[in-house]
Amino acid sequence: MIKPRLKFLGLIFTVCLAVCSIFAGCATDTDYAAIYDDDARIAKCSSNVRIGSAQVSDKSSFNLNCKSISGCYIIVNSFVIDEEASATLSLEVTAGKCKVVLVQGEDVYTVAEGNFDGALELNCPEGKYKVKVVGLDAQIRLKLKY
């Protein structure tokens, strides 16, 4: 039989452990403002994001409607830029900040920031890229055709 004093100490230990776990989890929260302007973090992040809903309509277009996006989100994992590469983008930002970037290795090319509608100028070397949307408390509508 466990003595009442040991039960009490066990309870205190459990409560302390729970409180420490909660504060440790809060302390490791992502700094989305730091990601927005840091190309190195944008290049490395996979989908470190708070996001609303996303849908892919087919293999050559992407639609994204978000009430709130912060961080970066991969929308196309393998986009090939060659002599014939072309894309059109519609980006409507109704709140916050948002940009669309192409990432190849450590290189990050911003192709649109803020409201944008039309053909993208792909001034990048030929190769395979990831297309990412990077936001900071942004409400957006995005359509990409490639």
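Residues numbered from 1 in each chain as written. Predicted model: local features only at pLDDT ≥ 70, side-chain atom pairs only at ≥ 80, totals over all residues. Heavy atoms only, no water.

Enquirer: Explanation requested: the environment of Asn63 in the structure shown.
Expert: Note that Asn63 resides in strand 3 (residues 61-81). Asn63 gets classed as buried once you look at its relative accessible area, which sits at 18%. (Helix = DSSP H or I, 4+ residues; strand = E, 2+ residues; numbered from the N terminus. Buried < 20%, exposed > 50% of the residue type's maximum accessible area, 1.4 Å probe, protein only.)

Enquirer: It is not clear to me how the state of the cysteines should be interpreted in this structure. Could you clarify?
Expert: Formally, a disulfide is one covalent bond, and it connects the sulfur atom of one cysteine to the sulfur atom of another. The full count for this structure, using the stated rule, is one disulfide. At a sulfur-sulfur separation of 1.5 Å, the disulfide partner of Cys45 is Cys72. Taken as a pair, Cys45 in the loop between helix 3 (39-44) and strand 1 (49-50) and Cys72 in strand 3 lie far apart in primary sequence, 27 residues in all. The same class applies to Cys45 as to Cys72, namely buried. (Disulfide = S-S within 2.5 Å.)

Enquirer: How should the confidence of the model for the chain be read in this particular structure?
Expert: When pLDDT is low, close inspection of the predicted coordinates is not appropriate. Here the chain averages 76 in pLDDT, while 70% of its residues score no lower than 70. Helix 1 (residues 4-27) is the least confidently modelled element of the chain, averaging 48 in pLDDT, while strand 5 (residues 107-113) averages 93, the highest of any element. Under a pLDDT of 50 for its full length, residues 15-29 has, in the predicted model, zero contacts with residues more than four places off or in other chains. (pLDDT = per-residue confidence, 0-100. Contact = heavy atoms within 4.5 Å.)

Enquirer: Can you walk me through the nonpolar core in this structure?
Expert: Inside soluble globular proteins, nonpolar side chains tend to come together where they are buried. Grouped together as the largest cluster of nonpolar side chains are 28 residues, with contacts concentrated most on Ile75, Leu102, Val133, Ile140, Leu142 and Leu144. Take this core: its biggest share by element is nine residues, from strand 3. In this view, Val133 contacts Leu64, Ile69, Gly71, Cys72, Tyr73, Ile75, Cys98, Lys99, Ile140 and Leu142; residues no more than four positions away in its chain are not counted. Judged by nonpolar contacts, the second largest core, of eleven residues, contains Tyr32, Cys45, Cys72 and Val108. (Core = buried A, V, L, I, M, F, W, Y, C linked by side-chain atoms within 4.5 Å.)

Enquirer: What's the story with the packing of aromatic side chains in this structure? I'm lost.
Expert: The geometry of an aromatic ring pair comes down to the distance between the two centres and the angle between the two planes. In the structure shown here, the tally under the stated rule is two aromatic pairs. On the numbers, 5.6 Å between centres and 85° between planes, the contact of Phe79 with Tyr146 is edge-to-face. Taken together, the residues Phe79 in strand 3 and Tyr146 in the segment after strand 7 (127-145) connect sequence positions 67 residues apart. Using a relative accessible area of 7% as the deciding quantity, one classes Phe79 as buried. Classification of Tyr146 by relative accessible area gives partly exposed; the value is 31%. Ring geometry for Tyr109 and Tyr129: centres 6.1 Å apart, planes at 70°, overall edge-to-face. Taken together, the residues Tyr109 in strand 5 and Tyr129 in strand 7 connect sequence positions 20 residues apart. Residue Tyr109 is classed as partly exposed on the basis of its relative accessible area, which comes to 23%. Taking the relative accessible area as the measure of exposure, Tyr129 reaches 1% and is therefore buried. Here Lys99 stacks its cationic end above the ring of Tyr36, 4.7 Å away from the centre of that ring. (Phe/Tyr/Trp six-rings, centres within 6.5 Å; stacked < 30°, edge-to-face > 60°. Lys NZ or Arg CZ within 6 Å of the ring centre and 35° of its normal.)

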